[in-house]
Amino acid sequence: MNRICVLTLAAIVPPLGAQAQTCPDAATLTRGLSGPVATVRFLADDALQGRLSGSAGERCAGDFIAARFRQLGLKPGGGDGSFFQSFTLASILNPHATGGTGRNVIGLLEGSHPTLKQEWIVIGAHYDHLGHGEFGSMSAEKNLIHNGADDNASG
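Chemist: Quick question: what am I supposed to make of the state of the cysteines here?
Modeler: In protein chemistry, a disulfide is the covalent bond that joins the sulfur atoms of two cysteines. Applying the stated criterion to the full structure yields one disulfide. At a sulfur-sulfur separation of 2.0 Å, the disulfide partner of Cys 23 is Cys 60. As the torsion about the S-S bond is roughly -90 degrees, the Cys 23-Cys 60 disulfide counts as left-handed. In this pair, Cys 23 is assigned in the loop between strand S1 (3-9) and helix H1 (26-29) and Cys 60 in helix H3 (residues 56-71), connecting sequence segments 37 residues apart.

Chemist: Help me understand the pattern of salt bridges in this model?
Modeler: Side chains that differ in charge, positive against negative, can pair when their charged atoms come close. Counted by the stated rule, this structure contains three salt bridges. Note that Arg 41 and Asp 45 form a salt bridge whose closest N and O atoms lie 2.5 Å from each other. By relative accessible area, Asp 45 is classed as buried at 13%. Measuring nitrogen to oxygen at the nearest pair gives 2.9 Å for the salt bridge that ties Arg 103 to Asp 63. Of this pair, Arg 103 sits in strand S4 (residues 100-110) while Asp 63 sits in helix H3; the two residues are 40 residues apart in sequence, bridging distant segments of the chain. Judged by its relative accessible area of 6%, Arg 103 is buried.

Chemist: Can you walk me through the packing of aromatic side chains in this structure?
Modeler: Aromatic ring pairs are defined here through the distance separating the ring centres and the angle between the ring planes. Enumeration over the complete set of coordinates arrives at two aromatic pairs. Plain terms: the ring middles of Phe 42 and Phe 64 are 4.2 Å apart, the flat faces sit at 15 degrees to each other, and that makes the pair stacked. Of this pair, Phe 42 sits in helix H2 (residues 35-43) while Phe 64 sits in helix H3, and the two are 22 residues apart along the sequence. By relative accessible area, which is 2% here, Phe 42 ends up buried. You can call Phe 64 buried: its relative accessible area is 11%. Here the guanidinium or amino end of Arg 103 rests over the ring plane of Phe 84, the centre of that ring lying 3.8 Å away.

Cut-offs applied
Residues numbered from 1 in each chain as written. Predicted model: local features only at pLDDT ≥ 70, side-chain atom pairs only at ≥ 80, totals over all residues. Heavy atoms only, no water. Disulfide = S-S within 2.5 Å. Helix = DSSP H or I, 4+ residues; strand = E, 2+ residues; numbered from the N terminus. Salt bridge = Lys/Arg side-chain N within 4 Å of Asp/Glu carboxyl O. Buried < 20%, exposed > 50% of the residue type's maximum accessible area, 1.4 Å probe, protein only. Phe/Tyr/Trp six-rings, centres within 6.5 Å; stacked < 30°, edge-to-face > 60°. Lys NZ or Arg CZ within 6 Å of the ring centre and 35° of its normal.

As structure tokens, then:
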């Protein structure tokens, strides 16, 4: 079986308390745009609050990516019939920090070349970012949304 595994990873960082959030409407945010520009427009929008791992904004981003994978004809690769693989978040900065749950988004594209049937290509990126810059930010100003438009949202 030749498969190309497209894998988007969330970084392992301490989450903000995930608050209930309604995801923004992708069609409204990306109206008139297509392809990578539409994807970056959605993922970098302030409505996702910087996509901190374990946050509601990161969850919305993962849902958006899974929907795009579905539109592209990729098969779910999460193991449970979905595009998602959950994992426990742990802080590399503070081992005593409260954990949370992150999600990998995995899509599979099966190949058809008879000679390459048993080979895989794995493409990975992360779709989370710095949230409001609670840590990891180089900005002196606090509580700014870190949109991460050029931090794998464009990749």
